[in-house]
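Now for the letters of each chain:
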Amino acid sequence: MKNTSFPRLIVNAALVAAFAVPTATLQAQVSSQSYLRNTPNEIEREDPRVQQIVTRAEDHFKLGQLNLNDNKREAARQEFDKAVDMVLESGMDVRSNPRLQRYYLELVERVYRIEVPSQGVASQSASGFVEVAQTGNHAPTAPPQVGFAEQKFEPSPLDELSKLVLTAEEKEVSPEKVAELEDEINSTLDFKFKAHPLVQQYINYYQGRGRATMETGIRRSGQYLWLARQIFREEGVPEDVAWLGQVESSWRPTARSWAAASGLWQFIPGTGARFGLRQTAWIDERNSYEKATRASAKYLKFLANRYGGNWELAMAAYNTGEGNIDRAIARAGVADFWTIYPYIAQETRNYVPNILATILVSKSPDKYGFRNVQKMSPLKWDVVSVPSSTSLQLIASLTDTSVDYLRSLNPELRRDVTPRGEAYAVRVPPGRGKQCVALLKRIPVERREQLARVISVAPGEDLQSVAARTGTSVAQLQQWNGGADLKAGGKIVIPVGGNVLRTAAIRERANSSAASPAPGSSLTTVSARAGETVAQIAARYGASVDDVAKINNVDANAPLSRGRQIRVPTSGNAAAPAAPRRR
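Residues numbered from 1 in each chain as written. Predicted model: local features only at pLDDT ≥ 70, side-chain atom pairs only at ≥ 80, totals over all residues. Heavy atoms only, no water.

**Remarks on the packing of aromatic side chains**
Part 1 of the argument: With the rule as written, the count across this model stands at 17 aromatic pairs.
Part 2 of the argument: Ring plane angle 85° and centroid distance 5.9 Å describe the contact between Trp-251 and Trp-265, whose orientation is recorded as edge-to-face. Of this pair, Trp-251 sits in the loop between α12 (244-249) and β4 (255-256) while Trp-265 sits in the loop between β4 and α13 (269-274), placing them 14 residues apart in sequence. Taken individually, Trp-251 and Trp-265 each receive the classification buried, so the pair is uniform in this respect.
Part 3 of the argument: Their ring planes at 85° and their centres at 6.0 Å tell us that Phe-337 and Tyr-341 sit as a pair that is edge-to-face.
Part 4 of the argument: Linked through ring pairs, Phe-267, Phe-275, Tyr-299, Phe-302 and Tyr-318 together constitute an aromatic cluster.
Part 5 of the argument: Here Arg-427 stacks its cationic end above the ring of Trp-381, 5.4 Å away from the centre of that ring. (Phe/Tyr/Trp six-rings, centres within 6.5 Å; stacked < 30°, edge-to-face > 60°. Helix = DSSP H or I, 4+ residues; strand = E, 2+ residues; numbered from the N terminus. Buried < 20%, exposed > 50% of the residue type's maximum accessible area, 1.4 Å probe, protein only. Lys NZ or Arg CZ within 6 Å of the ring centre and 35° of its normal.)

Structure representation (structure tokens):
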């Protein structure tokens, strides 16, 4: 089992600020006085069960503090996790009870402040907790850090789903429609569930006011569904269950919910660590493509086995925890989702029929009126092993790409630098891996945390000339480019600092054959669709993918923003997209 080197609850201040609570509640959350000191009697008078949950969570939190004071860091981590899980797995809808929600938010913030102190220079200890070199006269000297920007997150679609109320029109379902669902389930899916009017009601919702949500999910599924299907198949989980990722995150690796669930598969910290996903000051593997997907498949298989192959119950437990489902089954007396329906939280009541509807629509989009949704291209990458604490800015320079695109390929990285103390497998744009390795070998290990960039050198240009136009010295260039042979031109690494002079002219001369339109061609400017790639635009216009990528200085497979202007070389007067080929 992998060693979890950081407490499982990784929640940043932005998350707390984004929770769906009134402004007055947020202000009370950060009051100088503790919520527990102010309101225990009020909680007890209103709801004894809330007080019981708070008391048990506090017991675990205090044990965590005691273990931390004794330097028993792993035991402290486990107790902090239990404190949070005590609230999330209590069986109560946290957001429906303002006082329980307020306590939960305060608990999250207290644990966060213990794990990620706000002062000093953070460094990871061997035990996994963050140790802080305090500022002051006796502070140890820390090496300069580059690009320590925190990962940014997007709202989870689960938050909106939990509040969804179907309209009277959406609830209109005939017995014939339910019978059609039964036939479709039996004939097209690789797992079974009961046809129920609620499933058809959610299909009605997606065909109407929820259409944009469904279109976005189907479109984005093109990037990740191939990987999810492959891993689910390897783990013995029905491949169609992989559509669960569409409801969980709308296929966004950086989605995060109000309850600190994160990633494509929305693992809360405790469950993520339970299934081997590391959460440290440097990485959060809940946001990884492969590792989180495999953990999700393992968890779903465990749940399906727990409930005798009943995938409706497995999905419900995936959302709310098996403890809550076990209690609902005990109350209902039957292990059936539609029987335990009255005994589970509203979010889970919405969750399961929503997923089943999403699977049916996404599996057969044409049947449900989604004929013109173009799926994004499957995400591809090369993998490069880099040493400890390598700057993403440096890797971006070595691979002719941007830090933002590297972050999209490596969403598990919490900062713009790879983890300290270990080699790390970084994903880089496809076809750029060998170039990255070759250039990285030139750079001394001790310089790989620093900012640098890569420039083109014209054939015959010597180091003296490069030094003159880059504001560096020959000695510096030699230090950063050990063993480089510039006779035939190529790439050279320079430290960031000086202004690069005459670079455009030299690059233009060195790359003119590759970056200019072919003789007899012209450039047409087109507006990209949201999420479209240069490769897709080039295919539409019958142009070379490499030419379009180089002309626009954009990676061929990087998703573009809506309206991004892309120049495309066209022959003669041809300015229309190429006609699609018939298959």
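**A word on unusual backbone geometry**
Part 1 of the argument: Backbone geometry at Gln-266 places phi at a positive 50°, although glycine is not the residue there.
Part 2 of the argument: Position of Gln-266 among the secondary structure elements: in the loop between β4 and α13.
Part 3 of the argument: Of note in the backbone geometry, Asp-400 takes a positive phi value of approximately 55° without being a glycine.
Part 4 of the argument: With respect to the helices and strands, Asp-400 occurs in the loop between α19 (392-398) and α20 (403-409).
Part 5 of the argument: Under the relative-accessibility criterion, Asp-400 is labelled partly exposed at 38%.

**With respect to empty space enclosed by the protein**
Part 1 of the argument: Under the definition given, this model contains 3 cavities of 30 Å³ or more.
Part 2 of the argument: Approximately 70 Å³ is the volume found for the largest cavity.
Part 3 of the argument: Contributing to the lining of the largest cavity are Gln-223, Met-376, Ser-377, Pro-378, Leu-379, Lys-380, Gly-531, Thr-533, Asn-557 and Pro-559.
Part 4 of the argument: Of the residues contributing to the lining of the largest cavity, the split by class is 4 nonpolar, 5 polar and 1 charged. (1 Å grid on protein atoms, 1.4 Å probe; cavity = no way out; pocket = protein on both sides within 12 Å on 5 of 7 lines; lining within 4 Å. Points joined across faces, edges and corners; volume = space filled by probe spheres on them. Nonpolar A, V, L, I, M, F, W, Y, C, P; charged D, E, K, R; others polar.)

**Some points on the side chain of Thr-320**
Part 1 of the argument: With respect to the element layout, Thr-320 can be found in helix α15 (residues 311-320).
Part 2 of the argument: Setting aside chain neighbours within four positions, we find Thr-320 in contact with Ile-325 and Thr-348. (Contact = heavy atoms within 4.5 Å.)

**Things to note about the nonpolar core**
Part 1 of the argument: Within the largest apolar cluster, 74 residues are counted, with the highest numbers of intra-cluster contacts made by Trp-265, Met-315, Tyr-318, Ile-325, Tyr-351 and Leu-360.
Part 2 of the argument: For Ile-325, the contacting residues outside a window of four places in its chain are Tyr-307, Leu-313, Ala-316, Ala-317, Thr-320, Ile-340 and Ile-344.
Part 3 of the argument: By size, the runner-up hydrophobic cluster in this structure holds 25 residues, among which are Ile-53, Val-87, Val-111 and Ala-261. (Core = buried A, V, L, I, M, F, W, Y, C linked by side-chain atoms within 4.5 Å.)

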